[in-house]
Amino acid sequence: MKVGKALKPILVVALLAWLATMAWQTHKPLPPGVHVSTASVMLPESEVHFLSDLTYQTPQGKRVSEQQIFDAVLAQVDAAQNFIVLDFFLINDDMGGGGKPLRALSRELGDHLLARKRALPNLQVLLITDPINDVYDGAHSTLLVELEQAGIHVVRTDLTKLRDSNPGYSTVWRGLIQWWGNSTQGGWLTNPFDRSSRKITLRSWLSLLNFKANHRKVVVTDNAQGEWVALVTSANPHDASSAHSNVAVQFTGELAKAVLDSELDIARFSGLQWELSPPVRTAQNNAAPAVELAYLTEGAIHERVLSELANTHRGDRVRLAMFYLSERAVIDALKAAAVRGVLIQLILDPNKDAFGIEKDGVPNRPIAYELVERGTGNIEVRWYRTHGEQFHTKLLTVQRGDRLFVTLGSTNFTRRNLADYNLEANVAMSMKTDTKLAGQITTYFERLWSGDAFNPEYTAPFGAYRDDSTVRYWRYRVMEATGLSTF
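Residues numbered from 1 in each chain as written. Predicted model: local features only at pLDDT ≥ 70, side-chain atom pairs only at ≥ 80, totals over all residues. Heavy atoms only, no water.

### Re the overall build of the protein
Then, number 1: Of regular secondary structure, the protein possesses 13 helices and 19 strands.
Then, number 2: Relative to the 2.2 N^0.38 estimate, which gives 23 Å for 487 residues, the radius of gyration of the protein is 23 Å and therefore close to what a compact globule would have.
Then, number 3: Each principal axis of the C-alpha distribution contributes one length, and for the protein these read about 80 × 60 × 45 Å.
Then, number 4: Within the protein, the proportion of its 487 residues that are buried is 58%.
Then, number 5: A sequence separation of at least 24 residues applies to 78% of the contacts in the protein between residues at least 6 apart.
Then, number 6: Here the protein has roughly 19,700 Å² of accessible surface; of this, 56% comes from carbon and sulfur atoms.
Then, number 7: Treating the 51 positive side-chain charges of the protein as one cloud and the 52 negative ones as another, the clouds have centres 6 Å apart. (Helix = DSSP H or I, 4+ residues; strand = E, 2+ residues; numbered from the N terminus. Rg over C-alpha atoms; globule rule 2.2 N^0.38 Å. Buried < 20%, exposed > 50% of the residue type's maximum accessible area, 1.4 Å probe, protein only. Contact = heavy atoms within 4.5 Å. Areas by Shrake-Rupley, 256 points an atom, 1.4 Å probe, with all protein chains shown as cover. Lys, Arg positive; Asp, Glu negative; His and termini not counted. Charge placed at Lys NZ, Arg CZ, Asp CG, Glu CD.)

Take a look at the structure:
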C-alpha cells in the first residue's frame, strides 16, 4: 500500500513530462528552410516545362510506361557546370516484395553524378536524403558511400529537428530509445523495405515507427547558358518506384535560387559544414512573361491549397490527381466547394499496391465514399488502374474563368505532409487557360479521366472500389488524427 502511494506522484510526474514533451515536439519552432512561401515571379512559357511519367495496361494486356521525369533529371545533371544540389526521399535499389524494376533509377542517377564529377572535378555536388536509405543507421547504403568516396557531399536529414507527427510514440522514443544508437552489423528482423535483403535490428524498426521523413524531391543546377535550373517532382530515384506514375515541373530563373536556399538550410541543420558557392546567374530571357510561379513547402502548401479552394464559386472546376488524400481541412474545403456549385473531379490511387504488399484501400477509399456521398452531386471520383505499381501523382488544378491555378510536387494531401511534419516541396503556378502549359496540364488530366487512342480506360469508375465500411472510415480518422499511420 505504501509502495503504491509512493509510486503515484512518480507516475503523475512522468505523465506530465510525457504530455509536456509531446506538446513541445508538435509545436516547437520550425528549423530554417521549412514552411517556405516565396514571392511570385513571372516567367515566359519557354522557361517552364510540365513532365509526367505514366504506366498503364492496354486493353490487349500490354504494359506501357511513358517516362519523362528522370530523363530530364539526368539531362540536367549532365549539363551542370558549377553545382548540383539534389534532395530525394528514396534513392536505393530496394525492391520490397516486388519483382524486377522497370528501371534501375538509383544506379542511373548515381552513375550520372559520378560521371559528371569525374568530368568536372571542381563541380560542387550535394545530395540530401532521408535516413530511410540507410535503414535508420541499420544498414549503410553502398551507393551513398560510393558517392561520398567520389567527393560528393551526402547529407542524411536530421529528422529530430522536425516536429513529431506521431507524438504518442515519438515522445517515448525520444526519451527512452533514441539513445541506444544502432548497428550496421545486421539483426534478427525482416527489412521492411526489401524482404530479400539481410535482417535488420529492432532499433531500425523502432526508428521507422516515428513515421517522419524528408519527403522532398528536387534538383537544382546551373547550365552552360548561365541559367539556374530547378526541377520539383513527385518521383523518387528508387528502383521499386520506377514504374510509378508521377508528375514534375522544371523551370529556370531566380525562383531556382529560393529552392537552393531552402535545401542548403536543411543540409546545415542536418550537420553539413561545407558551404556551396553557386555562380551568379547571368542568363536573361526577354520573352513575354506568361506563367506566375511560387515555391511552397510544408504548411505553406496547405495554406495556399485551402485559399484556392475557398475562392472557388459556381462554374469553377477543381481537378485533383492524388496518391493519398486524407487531410480533414482539405476534405472539408472540397465538400464546401461542391455545395457552392463547383464541379470537382478526383483521380485517386486505389491504395491497393505497396511494393508487393496488398493494402485495403485506406485512406482513399473511405474518403472517396465520404466525398461522393456529401458532394451534392458535384464530386466525381475515378480510380487509376494500377497493376502492381502506384499512381504516385500529386497534382491539383483550379480553373476560375480564364485562369488556371496548379500546384504539384512531393506533397500528398495528408496531415503529415501538409501540417509542417514531413519536409515537402511544391511549385504553385497560375496562368491563362489558353497558354500552352495550361493546355498540357489540362490535357494530361483529361486523358486519364476520359481515355484516348492509346488506352480507352486509364481509370475505373467510382463503383470499382466503392467502400462504405464504417470500420475502415473510423480507422482512417483515428490514424490521421493521431499520426499512427504511414500516410
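### Thoughts on a nonpolar patch on the surface
Then, number 1: Where nonpolar side chains cluster on the molecular surface, the patch consists of Val 12, Leu 15, Leu 16, Trp 18, Leu 19, Val 172 and Leu 176 and spans about 610 Å² of accessible area.
Then, number 2: For the nonpolar patch, the secondary-structure elements that each account for two or more residues are α1 (2–27) and α5 (167–177).
Then, number 3: The element that contributes the greatest number of residues to the nonpolar patch is α1, accounting for five residues.
Then, number 4: Turning to its location among the elements, Val 172 is positioned in helix α5. (Patch = residues over 30% accessible without salt bridge, like charges linked within 9 Å, V, L, I, M, F, W, Y side chains within 5 Å. Salt bridge = Lys/Arg side-chain N within 4 Å of Asp/Glu carboxyl O.)

### What to know about the pairing of strand β8 (residues 228–233)
Then, number 1: Burial within β8 is extensive, with six of its six residues counted as buried.
Then, number 2: Bridge analysis of strand β7 (residues 217–222) against β8 gives five bridges, and the strand direction is antiparallel. Bridging from a neighbouring strand, Val 218 pairs with Val 232 of β8.
Then, number 3: Taking the residues between adjacent antiparallel strands as the criterion, β7 and β8 are bridged by five residues, where Gly 226 takes a positive phi near 80°. (Pairing = 2+ DSSP bridges.)

### Remarks on the side chain of Thr 157
Then, number 1: Counting through the fold element by element, Thr 157 comes out in the loop between β6 (153–156) and α5.
Then, number 2: For Thr 157, the side chain forms a polar contact with the main-chain oxygen of Thr 129, separated by 2.8 Å.
Then, number 3: Residues contacting Thr 157, with those up to four places away along its chain left out, are Ile 128, Thr 129, Pro 131, Asn 214, Ile 266, Phe 269, Ser 270 and Leu 423. (Polar contact = N/O pair within 3.5 Å; in protein donor to acceptor, adjacent residues only side chain to side chain.)

### Some details on the sheet that holds strand β3 (residues 63–66)
Then, number 1: With respect to topology, eight strands assemble into an open sheet ordered β3-β2-β9-β8-β7-β4-β5-β6, the strand pairing being mixed. The sheet is open, and its two edges are formed by β3 and β6, each paired on a single side. With direction set aside, neighbouring strand axes in the sheet form an average angle of 10°.
Then, number 2: Sitting on the sheet, helix α2 (residues 69–79) touches β2 (48–57), β4 (83–88), β7, β8 and β9 (246–252), and the angle it makes with β8 is about 155°.
Then, number 3: The strands touched by helix α4 (residues 142–149) are β5 (124–129) and β6; relative to β6, the strand with the most contacts, the crossing angle is about 140°. (Axes fitted to C-alpha atoms, helices over the stretch in contact; angles between N-to-C directions.)

### Let's talk about the sheet that holds strand β17 (residues 403–409)
Within a sheet, neighbouring strands are paired by backbone hydrogen bonds and run either parallel or antiparallel to one another.
Then, number 1: Ordered by their spatial adjacency, nine strands build an open sheet running β1-β10-β18-β17-β16-β11-β12-β15-β19, and the pairing between neighbours is mixed. The open sheet has two edge strands, β1 (41–43) and β19 (459–461), and neither has a second partner. Ignoring which end each strand starts from, the neighbouring axes of this sheet average 20° apart.
Then, number 2: Relative to strand β18 (residues 426–432), strand β10 (residues 291–296) is paired through six bridges, and the arrangement is antiparallel. Along β18, the bridge assignment pairs Leu 293 with Met 429.
Then, number 3: Along the sheet face, helix α10 (residues 364–374) touches β11 (317–322), β12 (343–348) and β15 (379–384) and points at about 155° away from the line of β15.

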